[in-house]
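# Coordinate analysis (summary)
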Amino acid sequence: MPQDSEPLPAGIYLVATPIGNLEDISFRQKRILENCDLIACEDTRRTGLLLSRIGIKKPLLSYHEHNERERAEQISEKAKAGGRIAVVSDAGTPGISDPAYRVVRAAVDKGVPVVPIPGPSAAISALVASGLPTDRYVYEGFLPQKGERRWRRVEALLEEERTVILYESPHRVGRLVDEISKRAPGRPLAVARELTKLHEEILRGTASELAGQLKGKAVKGECVLLIGPKRMEEKAS
Ligand code: SAM
């Protein structure tokens, strides 16, 4: 593995970035962003803002869900030709409910080194602070937004014996907690909101308690919903 003093070898660097708090940028993330040739990012304005805050100026290339396929080829080819390419997403760890998978796949297929540069991810931050078991967990990302598929997935997840981690938009999280409370009122849940930011909040309780707390409230900011294992469900007496 390259050390601080060595020049950066060619390859793809998956650089995690803060999920809200700029202080979460690491020395290593900064060094890679400073020393790479190009940064592939979802939104050039957003990444441009992060870079200007940490005093870095670099060429940016947009890489998002709509051009992922062709960009994956271009980016991995550039790295194969000797380029040092950093891949970032808007926030958190690239590839976790964010683009990166295709570029990693293309790089692996071409024999190009892929180097993870670890850092924040909302899923793991929420899990460790939730108070729910951390020994076995399952990351489910975003549920289907509506319809039969959404509720079938929720029902399957309520059978889980591992802690379930879900990403959910603030305007849907109240309804989701309410639906869970109808199916499993005693199930322990946690809603982690605005992690690492000024208004960070983690609500913990049974599904029916949290449904009561969220009822009629406009939830603001980004959220992670965690569902405790089935065995932890409190039975109504
Ligand atoms: N790649 C990112 C990661 O590693 O966490 C996730 C990207 S995904 C498109 C964005 C979702 O992550 C949001 O809708 C929310 O569910 C969750 N999220 C991101 N930042 C968050 C934060 N500061 N607090 C709570 N949830 C957050």
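In the block above lies the structure referred to throughout.
Residues numbered from 1 in each chain as written. Predicted model: local features only at pLDDT ≥ 70, side-chain atom pairs only at ≥ 80, totals over all residues. Heavy atoms only, no water.

### Some remarks on unusual backbone geometry
Note the cut-off: Relative accessibility under 20% of the residue-type maximum defines a buried residue, over 50% an exposed one, and the middle range a partly exposed one, all with a 1.4 Å probe and only protein chains included. Only DSSP runs of H or I reaching four residues or more are called helices, and only runs of E reaching two or more are called strands; each is numbered from the N terminus.
Of note, Ser 97 is a non-glycine position whose phi angle comes to about 50°, a positive value. A relative accessible area of 34% means that Ser 97 is categorised as partly exposed. Despite not being glycine, Glu 194 shows a phi value in the positive range, around 55°. Note that Glu 194 resides in the loop between strand S8 (188–193) and strand S9 (201–206).

### A word on the pairing of strand S2 (residues 38–41)
In regular strands, side chains alternate between the two faces of the sheet. The line we're drawing: If DSSP finds at least two bridges between two strands, the strands pair. Orient the strands so they point away from the viewer; a crossover is then right-handed if the path from the first strand over the helix to the second runs clockwise.
Residues Leu 38 and Ala 40 point to one face of S2 and Ile 39 and Cys 41 to the other, with burial holding for every one of them. Summarising the sheet, S2 and strand S4 (residues 84–87) pair through three bridges and their orientation is parallel. Among the inter-strand pairings, Ile 39 is bridged to a residue of S4, identified as Ala 86. Examined bridge by bridge, S2 and strand S3 (residues 60–62) share three bridges and lie parallel to one another. Bridge pairing in S3 places Ile 39 opposite Leu 60. Between S2 and its parallel partner S3, the chain crosses via helix H2 (residues 44–53), and the hand of that crossover is right-handed.

### Description of the site of the ligand
Convention followed: Any residue with a non-hydrogen atom lying within 4 Å of a molecule or strand is treated as near it. Here a polar contact is recorded for every N or O atom pair within 3.5 Å, except that within protein the pair must consist of a potential hydrogen donor and a potential acceptor, and residues adjacent in sequence are included only if both atoms are side-chain atoms. In these tables, accessible area is a Shrake-Rupley quantity obtained with a 1.4 Å probe, and a residue counts as shielded only by the protein chains included in the view. Residues are grouped as follows: Ala, Val, Leu, Ile, Met, Phe, Trp, Tyr, Cys and Pro are nonpolar; Asp, Glu, Lys and Arg are charged; all remaining types, including Gly, are polar. The split of the chain into domains comes from an automatic or database domain assignment.
As a matter of local geometry, the ligand sits amid 19 residues, with Ile 96, Asp 98, Ala 122, Tyr 167 and Cys 223 nearest to it. Here an oxygen atom of the ligand sits 2.9 Å away from a polar atom, N or O, in the main chain of Thr 93. Protein burial of the ligand: of its 570 Å² of free accessible surface, 90% is covered by the chains. Per-class residue counts for the shell around the ligand are 10 nonpolar, four polar and five charged. A domain split of the shell around the ligand shows at least three residues from each of domain 1 (11–117) and domain 2 (122–236).

### Some remarks on the sheet that holds strand S6 (residues 137–142)
Operational definition: Each axis is a line fitted through C-alpha atoms, taken for helices only over the stretch in contact, and angles between the N-to-C directions span 0 to 180 degrees. Whether two residues are in contact is decided by their heavy atoms, any of which lying within 4.5 Å being enough.
In spatial order, the strands read S6-S7-S10-S8-S9; together these five strands make up an open sheet with mixed pairing. Two strands in the sheet have a free side with no partner beyond their single neighbour: S6 and S9. Here the average twist between neighbouring strands, direction ignored, is 15°. Pairing of S6 with strand S7 (residues 163–168) involves five bridges; the strand directions are parallel. Its bridge partner being in S7, Phe 142 is matched across the sheet by Tyr 167. Helix H8 (residues 207–214) contacts S8 and S9 of the sheet and is inclined by roughly 130° relative to S9.

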